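# An overview of the molecular structure
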Amino acid sequence: MNNDRTSPGRAPDPRRRARRPVPRAGLLGSEPELITHHEHNGTVPDEPPTVPILRPRPGQPPRRPRPLTTQDLRKRRWRKIRRIGYVVAGAFFVVPAIAFVITYLAVDVPSPETVAQAQGQAVTYLFSDGTEMGKDVPTGGNRQILAANQIPDVVKKAVIATEDASFETNSGFDIGGILRAGYNQVTGGSGGGSTISQQYIKNASGDDDPTLTRKWVELAKSFKMNQTYEKADIITAYLNIIYFGRGAYGVQAAAQAYFGKDVGALDYSQSALLAGLIQQPGRSENTAVATGRWTTALDRMLKNGYLTPAQRAAAKFPTPIPLRESREAGALNPFIKKQVKAELAAQGIDEKQYYSGGFQVFTTIDPQAQQAAETAVAEGMADQTDDRILNALVAVDPKTGGVLAYHGGDAIVKGPNGEDQAGRDWADEPHNPGSSMKPFDLAAFLKLGRGLDARFDGTSPRTFPGVDLPIRNAGDSSSCSEQCTVSEAMQRSTNTVFYDMVLNVTKPSGVAEAAQEAGIRTSDNGGRSKLFTGDNNISIGGGGTQVTAADMASGYATFAAGGVQRDRHFVQKVTNANGETAYEAKDRSADAFADNDASKSAQIAGNVTAALAPVIQFSRLTCPAGHECAGKTGTQQHTPQNDEPASAANANSQTWMVGYTPSVSAAVWVGSDGDKALRGPGGAPLFGSTLAGPIWDRFMQLYLTGKPAERFDRVTAISSPQDRVQVQQQPQQQQQQQQQPRDQRNQQAQPGNRQQQDQLRQFQQRLQELQDRQRNRNGNGGNNNGNGNDSGQSGDPDPGG
């Protein structure tokens, strides 16, 4: 058999090589050839075959290519067109599709809950009874996040019809809308092509750059969001963050800003106005624009079947509430807000968390007490003509430490050029407390085991070793005898007694310690008050000692609570947007004046109360019927300057009245910013009992009238053997008095001395019946020739009273 592939009868071409046998294919391909195979079949390995080269036969001309026909040219041209078309199709469809898939996989769509938490939301403040006090709106505007079931369908339909009619069916973007937007851009028309999903992504991210990259990513995120979340979740998320004008972000804030009601109470006409304003929120106060947008929204609602023709025909434009009224609605006391935010920050709720949680803050502020404070201050200041007079009032609940009322002065004041400026919180500014500091002198004295029957020289003036200037009382009504009891010295506010007590018995550091134990906060424990112990002026509240009205109310509240000190606070609890408790105040209390000895601390506080109870009557103030009160006035004298008239020496710069019942402790400060000579009507100097006192009196009457009667706890009098020795020496002094001339004895037998003897004999009875002390048993109320002024001079350039 001839294995040559040439035709029969034709000689083999010597240029062709013999064909080698092809090896059999194995599992892994062709088997390698073995030498034994070649030896067996008698073949010899040869070179690989080469491609035959066709050469023209000798003597024949080279072949010419066939000429192209018209059909060939047409095929070639279409072949090029098809290739170009493939490239174009790839550039415009395949590549973008691939890029879109890559972008889709790369981007993350934040959940509506995450976006809501990142949005600055208004914080709602509530009074202690649960009624709304106001809202703290973040800088970016008012927001309140709602759940899907809290937004009525009529609002959702109004927005869908106006902003994205295909919302229910599109996949996050609308090709037709994009084309229309492009046409409008070219022709100068108006209207965009963004769907509700795209608008949400843009607002949620805060990225509004007019770039193709941003728009591309927005499309991918919008599409992915529609693949991830239900339509109900998307429209709810959108309505929670979109801006409507008037500083309102979200439909709930918008409902309040435009109509003063919750979103659930909106009708279809009001819903249409809000939906229309989404496109032009900055022109919401332009009536023509607002009416036009309202009309557009109603027409689209009708077109989409959300309204009947009868409803459309009957619709009337819903006039929004005035802008000024909208801004004032829910206005929050800025000073209360400042205190609340500081308190929450100390508990770990910082500025970022504060505006991101949709919080409700349940405060301790009693609406009745707050109104009483505002009314009392307004009435008390009505007749004042000195525009330098400032004021503050703080009330604290002794049983909880919660602030019941907080008035820090005017929130808006006039600047030097008549412009409006934010006022200062004068309740949180420290001032010289004057004689209102003396109860802390007494607490320090009682802690050493000394009592109200201890005696000091209450005459005036007195000189003390190491003190350059003499110490004076504020007049005859404030002076006492050389054997003046501490109890009487408190009633008369005798400077010389308390200066002596602190200088020689308690020392200034003892007073500072007692004040801090009662609740005065200095810079060492997060407060602003100053307790200066470098000299003895702390004894009469002058010099470097300065205390805030808030601290004074807290300090006296410890006396009212029977020696139990409770931290002053403004917040009961905080709940988030889901109603969960984010923070709740804990009861932090301590035995103020005796560690781990409640009875001892209560005894000291009760003795202070016994000494302060008669001051109310002595200062010509009253206590609401059925209630027992105790308190102390205070005055800081003005230091005259060289360019001031001589009368400036009789003026005062700070006045106080701090007093309490078992259920409320209130501090009233009326004074100046610094050391200024303040004058009342007619140029009369101000005293603690003439302005601050009546404001306190009015507040207590307004707040406590009608509330259940209350009495202080009765305690045992504190008295040391040293004080009892002084009492036993009294008969000998009386014998010496009988040897004096009759006219001198008559001079000394003034009501003040008789009162001293009566107080001494009836001391224990006073502790048991504090109310009797307020009835002026000794009949000397009209013979004091004074008005309770406790201003005095000390050896310090800033005299205290």
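These numbers were taken from a predicted model, which means no experiment stands behind them.

## Comments concerning the overall build of the protein chain
Scanning the protein chain from terminus to terminus reveals 28 helices and 21 strands. Scored against the burial criterion, the 801 residues of the protein chain give a buried share of 47%. A total accessible area of about 40400 Å² is found for the protein chain, and carbon and sulfur atoms account for 51% of it.

## Things to note about the pattern of salt bridges
A complete count under the given rule lists 22 salt bridges for this structure. Between Asp136 and Lys337 there is a salt bridge whose closest N-O contact spans 3.6 Å. Here Asp136, found in strand β4 (residues 132-136), pairs with Lys337, found in helix α14 (residues 334-346); they are 201 residues apart in sequence, far enough to count as distant. Judged by relative accessible area, which is 2%, Asp136 ranks as buried. A relative accessible area of 27% means that Lys337 is categorised as partly exposed. Across the salt bridge formed by Arg246 and Glu285, the nearest N and O atoms sit 2.8 Å from each other. Of this pair, Arg246 sits in the loop between β6 (243-245) and β7 (248-249) while Glu285 sits in the loop between α10 (268-277) and α11 (287-303), placing them 39 residues apart in sequence. Judged by its relative accessible area of 19%, Arg246 is buried. Relative accessible area serves as the criterion here: at 40%, Glu285 is assigned to the partly exposed category.

## Here's the deal with the state of the cysteines
By the definition in use, this model includes two disulfides. Between the sulfur atoms of Cys623 and its disulfide partner Cys629 the distance amounts to 1.7 Å. Looking down the S-S bond of the Cys623 and Cys629 bridge, the torsion is 70°, so its handedness is right-handed. For Cys629, a relative accessible area of 0% corresponds to the buried category. When the cysteines engaged in disulfides are numbered in sequence order, the protein chain pairs them as 1-2, 3-4.

## A short note on the sheet that holds β7
As summarised here, the arrangement of the three strands in space is β5-β7-β6, forming an open sheet in which the pairing is mixed. Two strands bound the open sheet, and with one partner strand each, they are β5 (142-143) and β6. Pairing between β6 and β7: two bridges, direction antiparallel. Note that in β7 the partner of Gly245 across the bridge is Ala248.

## Description of helix α20 (residues 549-560)
Its 12 residues give α20 an end-to-end C-alpha distance of 16 Å, which sits within 8% of 16 Å, the value for a rise of 1.5 Å per residue. Among the 12 residues that make up α20, 12 are buried, leaving the element largely enclosed by the rest of the structure. All buried positions along α20 are accounted for by Ala549, Ala550, Asp551, Met552, Ala553, Ser554, Gly555, Tyr556, Ala557, Thr558, Phe559 and Ala560. The first or second residue beyond α20 is Gly562, which carries a positive phi of 70°.

## Quick notes on the environment of Val571
Along the chain, the position of Val571 falls in strand β16 (residues 571-575). Along the primary structure Val571 and Val340 are separated by 231 residues, whereas in three dimensions their C-alpha atoms are 6.7 Å apart. Once residues lying within four places of it in the same chain are set aside, the contact partners of Val571 are Val340, Glu343, Leu344, Val361, Phe362, Thr363, Thr364, Tyr583 and Ala585.

## Some points on the packing of aromatic side chains
Scanning the model with the defined rule gives 15 aromatic pairs in all. Measuring from ring centre to ring centre gives 5.5 Å for Trp294 and Phe317, while their planes differ by 90°; the resulting arrangement is edge-to-face. Of this pair, Trp294 sits in helix α11 while Phe317 sits in the loop between α12 (309-314) and α13 (323-328), placing them 23 residues apart in sequence. Classification of Trp294 by relative accessible area gives buried; the value is 7%. The class for Phe317 is partly exposed, based on a relative accessible area of 26%. In textbook terms, an aromatic cluster arises when at least three aromatic residues are bridged by ring pairs, as seen for Phe440, Tyr556, Phe559, Phe593, Tyr660 and Phe712. Here Lys573 stacks its cationic end above the ring of Phe362, 5.0 Å away from the centre of that ring.

## Some details on the confidence of the model for the protein chain
For the protein chain, per-residue confidence averages 80 on the pLDDT scale, and 72% of positions sit at 70 or higher. Taken as a whole, residues 25-30 scores under 50 in pLDDT and shows four contacts with residues more than four places along the chain or in a different chain. Counting contacts from residues 729-764, a segment whose pLDDT is below 50, to residues more than four positions away or on other chains yields 38 contacts.

## Here's the deal with the pairing of strand β20 (residues 652-660)
Counting buried residues in β20 gives nine out of nine residues, a clear majority hidden from the surface. Where strand β19 (residues 630-637) lies against β20, eight bridges are found, and the strand directions are antiparallel. Looking at β20, one finds that Gly634 is bridged to Trp656. Relative to strand β21 (residues 665-671), β20 runs antiparallel, the two sharing seven bridges. Looking across to β21, one finds that Gly659 is bridged to Ala666. What sits between the antiparallel neighbours β20 and β21 is a turn of four residues.

Calculation notes
Residues numbered from 1 in each chain as written. Predicted model: local features only at pLDDT ≥ 70, side-chain atom pairs only at ≥ 80, totals over all residues. Heavy atoms only, no water. Helix = DSSP H or I, 4+ residues; strand = E, 2+ residues; numbered from the N terminus. Buried < 20%, exposed > 50% of the residue type's maximum accessible area, 1.4 Å probe, protein only. Areas by Shrake-Rupley, 256 points an atom, 1.4 Å probe, with all protein chains shown as cover. Salt bridge = Lys/Arg side-chain N within 4 Å of Asp/Glu carboxyl O. Disulfide = S-S within 2.5 Å. Pairing = 2+ DSSP bridges. Expected span 1.5 Å × (residues − 1). Contact = heavy atoms within 4.5 Å. Phe/Tyr/Trp six-rings, centres within 6.5 Å; stacked < 30°, edge-to-face > 60°. Lys NZ or Arg CZ within 6 Å of the ring centre and 35° of its normal. pLDDT = per-residue confidence, 0-100.

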